[in-house]
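Tertiary structure, described
What follows is each chain in one-letter form.
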Amino acid sequence: MKIQEISGKTGLICLLGSPVSHSISPLMHNEAFRLRGLDYAYLCFDISEHEMEEAVSALKLLGARGFNCTMPDKIRMAELADELSDAARLIGAVNTVVIEDGRLIGHNTDGIGYMRSVKENGYDILGQKMTLLGAGGAATAIAVQAALDGVSEIALFNRKGRSWGRAEQLAAKLNQDTDCKVTLCDLEDADALAGQLKESVILTNATSVGMASHEDSSPIRDPRMLREDLIVSDVIYNPRETRLLAEARERGCRTFNGLYMLLYQGAAAFELWTGESFPLEEVKEKYFQ
């Protein structure tokens, strides 16, 4: 592999979060810079939310073009930004920042990544109903972008616990600020879940249930409620096929995981920083097969 040479003019773009050493973002972005002939380098910095203000000030001083934020820094970055995109404002979290004339412009491309992955997998869900499981960061980003893009209705399921209040706020905000109708339901209510799924074109799991180390778990206790013409997606990509996706496939459902959501949210960030198209097929072939 040809190494991108770093010069005295090389621009800095980076990832802030903790931990970040596992991230594949440097691989995909540095390869994209190389393919597009852009003089940037992408690095990772382990930064806690309490260190964000200092880190962001330093990046402005150093003349960085922008940066990504991952957990636990996304919410803090929304507070530090000078301006927020509509999606970032509704989500209340930022994963991509563009620095323009010293101003921090905050975006959230997570939902963009998910909605593009839906489209690239060959599905059109606009004007139709989605059942979405969870109310954390991924679920919030997906719900907001789906509502902004034109999904007509979202049945939002979450367990009644510490995050229930956040789920209530999300539903209220989307009902007020978008044309999408959002109904909040208890994830423990199997009858409600079965009823909402009958009316939905897609089921999306945005909880951590089923991820590596919990591979025997599924957020759907009775797979018989997964009808054959339902699209079933999972934001988890490790393992590539969760128990939910395996059971859905056995029921005849069309399925996809969260791997391309990761790719497409990165592509959207790249395009915000550079104004160039992301070399999607080359990066996909190299790192996402």
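Structure shown above.
Residues numbered from 1 in each chain as written. Predicted model: local features only at pLDDT ≥ 70, side-chain atom pairs only at ≥ 80, totals over all residues. Heavy atoms only, no water.

Another aspect to go through is the overall build of the protein. Of regular secondary structure, the protein possesses 11 helices and 12 strands. Expected size for 289 residues packed as a compact globule is a radius of gyration near 19 Å; at 19 Å, the protein falls within 12% of this value. Overall size of the protein, expressed as C-alpha extent along the three principal axes, is 60 × 40 × 35 Å. Within the protein, the proportion of its 289 residues that are buried is 52%. (Helix = DSSP H or I, 4+ residues; strand = E, 2+ residues; numbered from the N terminus. Rg over C-alpha atoms; globule rule 2.2 N^0.38 Å. Buried < 20%, exposed > 50% of the residue type's maximum accessible area, 1.4 Å probe, protein only.)

With the rule as written, the count across this model stands at seven aromatic pairs. Between F33 and F270 the ring centres are 5.5 Å apart and the planes differ by 25°, which places this aromatic pair in the stacked class. Taken together, the residues span a long stretch of sequence, with F33 in helix 1 (residues 25-36) and F270 in helix 10 (residues 259-274) at a distance of 237 residues. Comparing F33 with F270, the two get one shared label, buried. The residue whose ring lies beneath K160 is W164, and the NZ or CZ to ring-centre distance is 5.3 Å. Of note, K284 hangs over the ring of Y260, and the distance from its end group to the ring centre comes to 4.8 Å. (Phe/Tyr/Trp six-rings, centres within 6.5 Å; stacked < 30°, edge-to-face > 60°. Lys NZ or Arg CZ within 6 Å of the ring centre and 35° of its normal.)

What follows deals with the pairing of strand 10 (residues 202-205). Taking every second residue as pointing to the same face, both faces of strand 10 are buried, with I202 and T204 on one and L203 and N205 on the other. Pairing analysis gives four bridges linking strand 7 (residues 129-133) to strand 10, with the strands arranged parallel. Bridged to L133 within strand 10 is N205. (Pairing = 2+ DSSP bridges.)

Quick look at the layout of surface pockets now. Taken as a whole, the largest pocket holds about 1,300 Å³ of empty space. As for the largest pocket, its lining consists of 39 residues, and the residues nearest its centre are T70, M71, K74, A138 and Y237. Listed by contribution, the elements that provide at least two residues to the lining of the largest pocket are helix 1, strand 3 (66-69), helix 6 (137-149) and helix 10. Considering every element that reaches the lining of the largest pocket, the biggest residue donor is helix 10, with five residues. Split into classes, the residues belonging to the lining of the largest pocket amount to 17 nonpolar, 19 polar and three charged. Estimated volume of the second largest pocket: approximately 370 Å³. Along the wall of the second largest pocket there are 18 residues; nearest its centre are I75, I91, G137, T140 and R166. (1 Å grid on protein atoms, 1.4 Å probe; cavity = no way out; pocket = protein on both sides within 12 Å on 5 of 7 lines; lining within 4 Å. Points joined across faces, edges and corners; volume = space filled by probe spheres on them. Nonpolar A, V, L, I, M, F, W, Y, C, P; charged D, E, K, R; others polar.)

What follows deals with the nonpolar core. Counting residues in hydrophobic clusters, the biggest one holds 35 residues, and the most contacted among them are Y114, I125, M130, L132, I142, I154 and I202. Broken down by secondary-structure element, the contributors of at least two residues to this core are helix 4 (86-91), helix 5 (110-120), strand 7, helix 6, strand 8 (153-158) and helix 7 (164-177). Counting residues per element, this core draws most heavily on helix 6, which supplies seven residues. Contacts of I154, omitting those with residues within four sequence positions, involve M130, L132, A143, A146, C180, K181, V182 and T183. Counting residues in hydrophobic clusters, the runner-up holds 21 residues, among them M28, F33, W273 and F278. (Core = buried A, V, L, I, M, F, W, Y, C linked by side-chain atoms within 4.5 Å. Contact = heavy atoms within 4.5 Å.)

Taken in spatial order, the six strands of this open sheet run 9-8-7-10-11-12, and their pairing is parallel. Taken across any chain shown, the strands that pair with only one partner, and hence form the sheet edges, are strand 9 (181-186) and strand 12 (254-256). In this sheet, adjacent strand axes meet at a mean angle of 15° when their direction is disregarded. Here strand 7 runs beside strand 8; their pairing, made up of five bridges, is parallel. (Axes fitted to C-alpha atoms, helices over the stretch in contact; angles between N-to-C directions.)

Mapped onto the elements, Y42 comes out in strand 2 (residues 40-46). Through-space distance from the C-alpha of Y42 to that of N68 is 9.9 Å; in sequence the pair is 26 residues apart. If we ignore the near neighbours within four places in the chain, the residues touching Y42 are I13, C14, L15, S25, P26, H29, N30, F33, N68 and W273. In this structure the side chain of Y42 is engaged in a polar contact, spanning 2.7 Å, whose partner is the side chain of N68. (Polar contact = N/O pair within 3.5 Å; in protein donor to acceptor, adjacent residues only side chain to side chain.)

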